[in-house]
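A look at the structure
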Amino acid sequence: MTSKGSAGVRVTGVLLALVLLVELAAAGIFLRYLTAKKEEPAASKPPEVLTPVPEPEPQPEPEPQPDPEQEAMLKERQALMERAYQLSQGYYYDEALALLDQAGALRSAQTDALRREIAQKQAELVPYEGDQFYHVFFHSLIVDTDRAFDGDYDSTGYDLYMTTVSEFQAMLPKLQAAGFILYDITDLVEFRDGEAVRREILLPPGKKPLVISVDDVNYYKYMEGDGFAQRLDVDEEGRVVTVVDGQPTYDGDVMPILDAYVAKHPEFSWRGAKGVVAITGYEGAFGYRITDLEDYDAATQAWMLQKTRDVAAALRESGWKIACHSYTHNQYWSDRTITAQQEEYDIGRWKRDIAPYVGETNIFISPFGVAFPDNDPRLLYLKEQGFTIYCPVEASMTTRWENGMLFQSRLNLDGMVMKDYPERVKRFFFDPATVLDPARPHG
Ligand SMILES: [Zn+2]
């Protein structure tokens, strides 16, 4: 009896507890229902559960009581992973993997996962097998179209041979979308026993190598007051800037614009490659009149020479190559009447007056895009002088490795080609009508 009775009490107790629980649960649900009803202001709110939230990057194991040391470690790991990821975006795979391999105490399941992901991307690279290479060129960009196209003597020339800042800025995402990746022209060739041969280059599947060059980065006197930058300079962080109306800017020519674009889109540049800056010498370099030093006082002379060195160093540091574009840019190049003596003088002056400040180079960007037959003594002279990469102008952008040299022809993306020969651009790149600056006189 007692045992039965106590069992009965126990059963009743359990039942009561159950009822209580059910009631509490019901009340809870009801309360939640009420709250939910109150919180719902309109029927437009999307259902909560149905939208799948994208899986976030693998998160660190939950840290219930993060002590400062632990937090610092997590931050350090996050920074390491971000750095490795950034490197891999610019195709610095070996560097990114090395960074993760040296993670030491920061190593975790996450760093291992990132390492696998990056190694996978590297393994997917393929040699570029195409015979078509791509090289486009510009002159210094028009910053102020009002001043460039003011109808004076120079306006027609600017409309034909120049590109505006807005046009260049509009081209970059189009080139990227079309599968181009900037490549260093010196990476396209290797020399075996003095012979230039095609060097195998790697790219992600389906991508195409693009070289960009900029001619006459001298900011000639005739361009003064016509809406161009005045010169190049270097900011406190070592970045190349354009000086426009006396002020440093980051959008006054191809170089700072491309530098900024690649900083934002590292995947547009193979290991930081930017392009080629081609300079003459008869009015100095980068806007500094270092070949007319006698016109200036000693302090200005020293300042100009130092600036030229600084700009050249900053350009190289950010992935630019510097090329010789002849010293004189004389007409004797374009009509190919240049004699051996004239050529010796021309190249000799570039080597004596320009190279010591901008650095030696093996790239020759021919003035007026002139080309010589392969056995022409004037071409052989250039090769003998160390110019083993020769770039003329030709719409089909032929690239060949012959006679100990790399020849790569270039297509000008200027007003003349974009307006008069749009099919040359469409064939390889984009429809130029979509980028043309409406400020052009015959837009
Ligand atoms: Zn030129």
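Our structure is the block above this text.
Described below are features of the structure shown in this document. (Residues numbered from 1 in each chain as written. Predicted model: local features only at pLDDT ≥ 70, side-chain atom pairs only at ≥ 80, totals over all residues.)

**Digging into the pairing of strand 11 (residues 275-279)**
Note the cut-off: In this scheme the burial state of a residue depends on its C-beta neighbours within 10 Å: 20 or more other such atoms mean buried, 12 or fewer mean exposed, and anything in between means partly exposed; the C-beta positions come from the backbone. Helix and strand labels come from DSSP, where a helix needs a run of H or I of at least four residues and a strand needs a run of E of at least two; each type is numbered from the N terminus. Any two strands with at least two DSSP bridges between them are considered paired. Handedness of a crossover is defined as follows: with both strands directed away from the viewer, a clockwise route from the first strand across the helix to the second makes it right-handed.
Most of strand 11 sits out of view: five of its five residues are buried. The pairing of strand 7 (residues 208-215) with strand 11 spans two bridges and is parallel. The partner of Ser213 across the bridge, within strand 11, is Val276. Relative to strand 12 (residues 320-324), strand 11 is paired through five bridges, and the arrangement is parallel. Note on strand 12: the bridge partner recorded for Ala278 is Ala323. A crossover connection joins strand 11 to the parallel strand 12 through helix 9 (residues 298-317); in handedness this β-α-β unit is right-handed.

**Notes on the pairing of strand 7**
Buried residues dominate strand 7, accounting for seven of its eight residues. Summarising the sheet, strand 2 (residues 134-139) and strand 7 pair through six bridges and their orientation is parallel. Looking at the pairing, Phe137 lines up with Ser213 of strand 7. Sheet analysis places strand 3 (residues 180-182) next to strand 7, joined by three bridges and oriented parallel. Within strand 7, the residue paired with Phe180 across the bridge is Lys208.

**Focus: the environment of Leu203**
Where we set the bar: Once C-beta atoms have been placed from the backbone, residue pairs whose C-beta atoms lie within 7 Å are recorded as contacts.
As for its position among the elements, Leu203 is in strand 6 (residues 202-203). The exposure class of Leu203 is buried, given the 20 C-beta atoms found within 10 Å. For the pair formed by Leu203 and Trp270, sequence separation is 67 residues and the distance between their alpha carbons is 8.1 Å. Residues in contact with Leu203, not counting those within four places in the same chain, are Leu125, Val126, Tyr128, Ile181 and Pro209.

**Quick notes on unusual backbone geometry**
The backbone of Asp193 shows a phi angle near 50°, a positive value even though the residue is not glycine. Along the polypeptide, Asp193 turns up in the loop between strand 4 (189-192) and strand 5 (195-198). A positive phi angle is found at Phe368, which is not glycine, with a value near 60°. With respect to the element layout, Phe368 can be found in the loop between strand 13 (363-365) and helix 12 (377-384). Look at Phe368 and you get partly exposed, because 16 C-beta atoms sit within 10 Å.

**Some details on the nonpolar core**
For clarity, the threshold we go by: By convention the nonpolar core is taken to be a set of buried residues drawn from Ala, Val, Leu, Ile, Met, Phe, Trp, Tyr and Cys and joined through C-beta atoms within 7 Å.
Counting residues in each nonpolar core, the largest one holds 87 residues, and the members touching the most others are Leu210, Val277, Leu315, Ala323, Phe364 and Ile389. Ranked by size, the runner-up nonpolar core spans eight residues in total, among them Met81, Ala84, Leu99 and Ile118.

**Digging into the environment of Ser140**
Examined against the element boundaries, Ser140 turns out to sit in the loop between strand 2 and helix 5 (145-148). For the pair Ser140 and Ala229, spaced 89 residues apart in the sequence, the C-alpha separation amounts to 8.1 Å. Apart from residues lying up to four places away in sequence, Ser140 is in contact with Val214, Asp216, Val217, Tyr219, Phe228, Ala229 and Asp253.

**Some words on the sheet that holds strand 10 (residues 247-249)**
For sheets, the rule is that strands pair by backbone hydrogen bonds, running either parallel or antiparallel. To keep things clear, this is the line we draw: Here an axis means a line fitted to C-alpha atoms, over the contact stretch when the element is a helix, while the angle between two N-to-C directions is reported on a 0 to 180 degree scale.
The strand order 8-9-10 describes an open sheet built from three strands, whose pairing is antiparallel. One side of each edge strand has no neighbouring strand; the edge strands of this open sheet are strand 8 (231-234) and strand 10. The average angle at which neighbouring strand axes cross in this sheet is 45°, direction not considered. Here strand 8 runs beside strand 9 (residues 240-244); their pairing, made up of four bridges, is antiparallel.

**Re helix 4 (residues 109-123)**
Defined as follows: Given a helix with a known number of residues, its expected span is that number minus one, times 1.5 Å. The arc in question is the one spanned by the directions pointing from the helix axis to the C-beta atoms.
Taking 1.5 Å per residue, 15 residues should reach 21 Å; helix 4 reaches 21 Å between its end C-alpha atoms and fits that length. Residues Leu114, Arg115 and Ile118 constitute the buried set of helix 4. Projection of helix 4 onto a plane perpendicular to its axis shows the buried side chains occupying an angular sector of 105°, all on one side. Exposed residues pointing more than 90 degrees away from the buried face of helix 4 are listed as Ala109, Arg116, Gln120 and Ala123. Taken together, the buried residues of helix 4 touch helix 2 (68-89) and helix 3 (93-101).

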